[in-house]
Amino acid sequence: MIEHPSSPASLARAAAAGNLTRRQVLARAAALGLSAPAIASLLAACGGGGPSAAATVAPTTGTGTGATSTAAASGGGATPAATTAASTASATPATAAGSRGSSGNLKVVMAQATTILNPALASGYKDWYAAQFVLEPLADFDTNGNLYAVLAAEVPSQANGGLSSDGTSVTWKLKPNVVWSDGQPFTASDVKFTYDYTVNPATGATTAGSYTGIASVDVVDPLTVKVTFKKPTPGWYLAYCGYTGLILPQHLLSSYVGSAAKNAPFNLKPTGTGPFVVTDFKPGDTMNLAANDKYRDPNLPHFATVNVAGGVDALSAARAVIQTGEADYAWGAVIPAAVYNSMVNGTTGHLITSPPAAGVERIAVNMTDPNTTVDGQKSHLGTPHPFQSIPAVRQAYSLLVDRETMASKLYGPAGQTTANVLVSPSRFNSKNTSWKYDIAKAEQLLDGAGWTKGSGGVRSKNGVTMNVTYATTVNTLRQQEQELVKSSFQQAGINVSLKTIDASVFFSSGASNPDTYEHFYWDLEMFTNGPTDPFPIAFMQGWYGATSNIAQRENSWSGVNIERWQNSQYDALYEQALTEMDPSKQPSLFIGMNDLIINNWVRIPEVWRNGVSGQSRKLQNVNVQTWASSELWNLANWTKTT
């Protein structure tokens, strides 16, 4: 969790904070092509000592010797201007680094409460974010989609011999002398174990999709591991990078693989290589942490303790940071547009609006029947929905969603309309799609499909009435969105019952809990998601039609295709994208997949969201990155003034 000096501005901050030695500053300054006076200034500011930040390497997606960065290959698409990492950080200037624990206590509030700390069993950002206080990946992504090393000694490339030219294998070198917080050494065996644990079907790992293309993971020596893929793999870096790549300790979980995974004490009190250790955790409520006294940098983290309060509604979370000073940082502080401007700069803090990366608030349409139980489960794959399985009905749904009102009146500066589910990177943002709000047209479609209005104005056909249940999490904005959709649906003759579920339940991973989004035991559900890495193949797996990929009892609802939609055209594009190494051919595959989702009305995009968080004026060195695994990626470097 070290700030990555991938630009002159971030290099200056890293030098001033004492995170680089003079030699490291000199090397990175030369690589950036800085002038002699600029280098002299950086050396003067350098605090010496401290950990080195590894150089970024753009993920290689082609078969040639050059690496293609997402930023360089992102031409096309309608991505709005993004706030760069440097300009985001300008609101929080770097301060001189102190010793471990010198900044005292950090108070964090989260709009959703964490329920599990094992990232492989988690099913929502609230859990993946929290896990990153403790656990780390081999590498992570910076704001331009380039990789930087975390537990790896360097990012593999063809130049350093780590990446094969045909995309069929990658060799990772690990940092030496890294230990788990219980003192056990971190080795290549832990990296291999993470793979074995995750791909075991009985484990029910929600992150398995990032590892399914792997043929084998082999330990070369204690600090070297080789990953061999089944086929050429452009997304070779998806395994072990970002939040799906957090490494698990073999010595603590080897007895909890498969069906025993859910019983591991680790799930609630993990041991990691990261900057903090969990001292107390109450699922769905609070988490307390202390600095990891075995963390590899003796000066980090700067905070001695961290208190995390979960399940605080977004507006209250923002106010606790911005107006009352009760907390230092608020995650998920997406607040109504009506109060947004009044809270941008508050008495004790301000809002951070992160770059619009990939998160889209959208409605998922269940293709199966949630009101019929077959073989012990609702929404059974072999039981089509009585009317949502009809394309004209789903098209009518899309016409009944007033996206402009949602974006402008509810989200304001924190959102904009979109017709796509895949919006970023921009080279994958389709220009072929459009959206329209038209109740009259929707009614024509429903009439044409034979669903006509009867007594009370509600539509029916062959004795089946159009009653739908529409579920989402408890959240002020989402309840307002629900009401907008309900109003339009009911004008068109569709009766809507609204269901709200606490986020700690909705995004939990309990196979026995019928109220999770994976079970999808209702007709429509709404939440935000999007790709978390610049090669979005794991995100697009969400509509792959293989039976094993569909959320159902047989895989403990760990399958990521929650709509239970199957389409042979989509599957063919997805399978081709898995192995397409030519960057120039990739956009047509991803855009084609997006267009099939949109034109089959399987998911109905509503608002392309910016991330919004609250930051105390006393909190320093926060640097929100577009593609980082979380806003907490450099948490070890955060400090607080008195």
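The following refers to the structure shown. Keep in mind that this is a model prediction, so the values were computed, not measured.

Scanning the chain from terminus to terminus reveals 17 helices and 23 strands. Residue burial in the chain is summarised as follows: out of 642 residues, 58% are buried. Once local pairs closer than 6 in sequence are excluded, the contacts in the chain between residues at least 24 apart make up 71%. For the chain, the exposed surface amounts to about 22200 Å²; the carbon and sulfur share of it is 51%.

Judged by pairing direction, the sheet is antiparallel, and its three strands sit side by side in the order β14-β15-β16 without closing on themselves. Unpaired on one side and paired on the other, β14 (452-453) and β16 (464-465) mark the two borders of the sheet. As paired strands, β14 and strand β15 (residues 459-461) are joined by two bridges and run antiparallel to one another. The residue of β15 that forms the bridge with T452 is S460.

Position of I352 among the secondary structure elements: in strand β11 (residues 349-353). Sequence separation of I352 and A333 is 19 residues, and the distance between their C-alpha atoms is 9.2 Å.

Our next topic: the nonpolar core. Here is a general trend for soluble globular proteins: nonpolar side chains tend to be buried in one another's company. F133, L138, W172, Y240 and M540 are the most contacted members of the largest nonpolar core, which has 97 residues in total. The greatest single-element share of this core, amounting to six residues, is contributed by helix α17 (residues 586-599).

In this section: the pairing of strand β19 (residues 524-529). Judged by how many residues are buried, β19 sits mostly within the fold: six of six residues are covered. A two-sided burial pattern is seen for β19, the buried positions comprising L524, M526 and T528 on one face and E525, F527 and N529 on the other. Relative to β19, strand β12 (residues 360-365) is paired through six bridges, and the arrangement is antiparallel. What sits directly across from V360, in β19, is N529. Of the strand pairs in this sheet, strand β17 (residues 467-473) and β19 are connected by three bridges, and their pairing is parallel. Residue pairing across strands places A471 opposite E525, the latter belonging to β19.

Another aspect to go through is the packing of aromatic side chains. Inspection of every chain in the model, using the stated rule, returns 29 aromatic pairs. Residues F506 and F527 carry aromatic rings whose centres are separated by 6.0 Å and whose planes lie at 70 degrees to one another, so their mutual orientation is edge-to-face. Residue F506 is located in helix α14 (residues 503-506), and its partner F527 is located in strand β19; the two are separated by 21 residues in the primary sequence. Taking the relative accessible area as the measure of exposure, F527 reaches 4% and is therefore buried. Over the ring of F527 we find R362, and its NZ or CZ is 3.9 Å from the ring centre.

Attention shifts here to helix α12 (residues 439-448). Residues of α12 that are buried include every one of I439, A442, E443, L445 and L446, and no others. Within α12, the buried residues cover an arc of 160 degrees as seen down the axis, which keeps them to one side. Summarising the geometry of α12, the exposed residues directed more than 90 degrees from the buried face are Q444 and G448. Measuring from the side-chain oxygen of the N-cap residue of α12 to the backbone nitrogen of A440 gives 3.3 Å; that N-cap residue is D438. Backbone geometry just after α12 places G450 at a positive phi near 90 degrees.

On to the sheet that holds strand β1 (residues 105-110), then. Ordered by their spatial adjacency, seven strands build an open sheet running β7-β8-β9-β1-β10-β21-β11, and the pairing between neighbours is mixed. Strand pairing shows two members of the sheet lacking a second neighbour, β7 (276-281) and β11, which therefore form its edges. Between one strand and the next, the sheet's axes are offset by a mean angle of 20 degrees, whatever the strand orientation. As paired elements, β1 and strand β9 (residues 305-309) share five bridges and run parallel to each other. Within β9, the position partnered with L106 by the bridge is V306.

Glancing now at the environment of N160. By secondary structure assignment, the location of N160 is in the loop between β3 (147-149) and β4 (169-173). Between the C-alpha atoms of N160 and T171, which are 11 residues apart in sequence, the distance is 10.0 Å. Excluding anything up to four places from it in sequence, N160 contacts E154 and V155. Only 2.9 Å separates the side chain of N160 from the backbone nitrogen of G162, close enough to count as a polar contact.

Structurally, N292 is set in the loop between β8 (286-291) and β9. The exposure class of N292 is buried, given its relative accessible area of 0%. In this structure the side chain of N292 is engaged in a polar contact, spanning 2.9 Å, whose partner is the backbone oxygen of G274. Look past the residues within four positions of N292 in its chain and what remains in contact with it is R100, S181, G272, T273, G274, P275, F276 and V277.

The next thing to look at is the side chain of S169. Following the sequence through the fold, S169 ends up in strand β4. Each residue touching S169, except ones within four places of it in the same chain, is listed here: G162, L163, S164, K226, V227, T228 and F229.

This part takes up the packing of helix α16 (residues 568-579) against α17. Across the interface, α16 lies against α17 with an axial gap of 9 Å and an inter-helix angle of 155 degrees. Classified by the angle between their axes, α16 and α17 sit roughly antiparallel to one another. By crossing handedness, the relation of α16 to α17 is classed as left-handed. Packed against α16, whose contacting residues are Q569, Y570, L573, Y574, Q576 and A577, the element α17 presents L589, F590, G592, M593, L596 and I597 at the interface.

What follows covers the pattern of salt bridges. Where charged atoms from two side chains of opposite charge come close, those side chains can pair. For the coordinates displayed, the defined rule picks out 15 salt bridges. For the salt bridge of E361 with R478, the shortest nitrogen-to-oxygen distance reads 2.8 Å. Of the two residues, E361 is situated in strand β12 and R478 in helix α13 (residues 476-491); the sequence distance between them amounts to 117 residues. For R478, a relative accessible area of 5% gives the class buried.

Here α16 contains 12 residues, and its C-alpha end-to-end distance of 18 Å stays within 8% of the 16 Å for a straight helix at 1.5 Å per residue. Y570, D571, Y574 and A577 are the residues of α16 that are buried. The buried residues of α16 occupy one face: seen down the axis, they fall within an arc of 125 degrees. Among the exposed residues of α16, those pointing more than 90 degrees away from its buried face are S568 and Q569. Buried positions along α16 lie against α15 (537-540) and α17.

Parameters at a glance
Residues numbered from 1 in each chain as written. Predicted model: local features only at pLDDT ≥ 70, side-chain atom pairs only at ≥ 80, totals over all residues. Heavy atoms only, no water. Helix = DSSP H or I, 4+ residues; strand = E, 2+ residues; numbered from the N terminus. Buried < 20%, exposed > 50% of the residue type's maximum accessible area, 1.4 Å probe, protein only. Contact = heavy atoms within 4.5 Å. Areas by Shrake-Rupley, 256 points an atom, 1.4 Å probe, with all protein chains shown as cover. Pairing = 2+ DSSP bridges. Core = buried A, V, L, I, M, F, W, Y, C linked by side-chain atoms within 4.5 Å. Phe/Tyr/Trp six-rings, centres within 6.5 Å; stacked < 30°, edge-to-face > 60°. Lys NZ or Arg CZ within 6 Å of the ring centre and 35° of its normal. Arc of directions from axis to C-beta. Polar contact = N/O pair within 3.5 Å; in protein donor to acceptor, adjacent residues only side chain to side chain. Axes fitted to C-alpha atoms, helices over the stretch in contact; angles between N-to-C directions. Parallel < 35°, antiparallel > 145°, perpendicular 65-115°, else oblique. Left-handed = near helix turned anticlockwise from the far one by under 90°. Salt bridge = Lys/Arg side-chain N within 4 Å of Asp/Glu carboxyl O. Expected span 1.5 Å × (residues − 1).

Just geometry here; none of it tells us what the structure is for.
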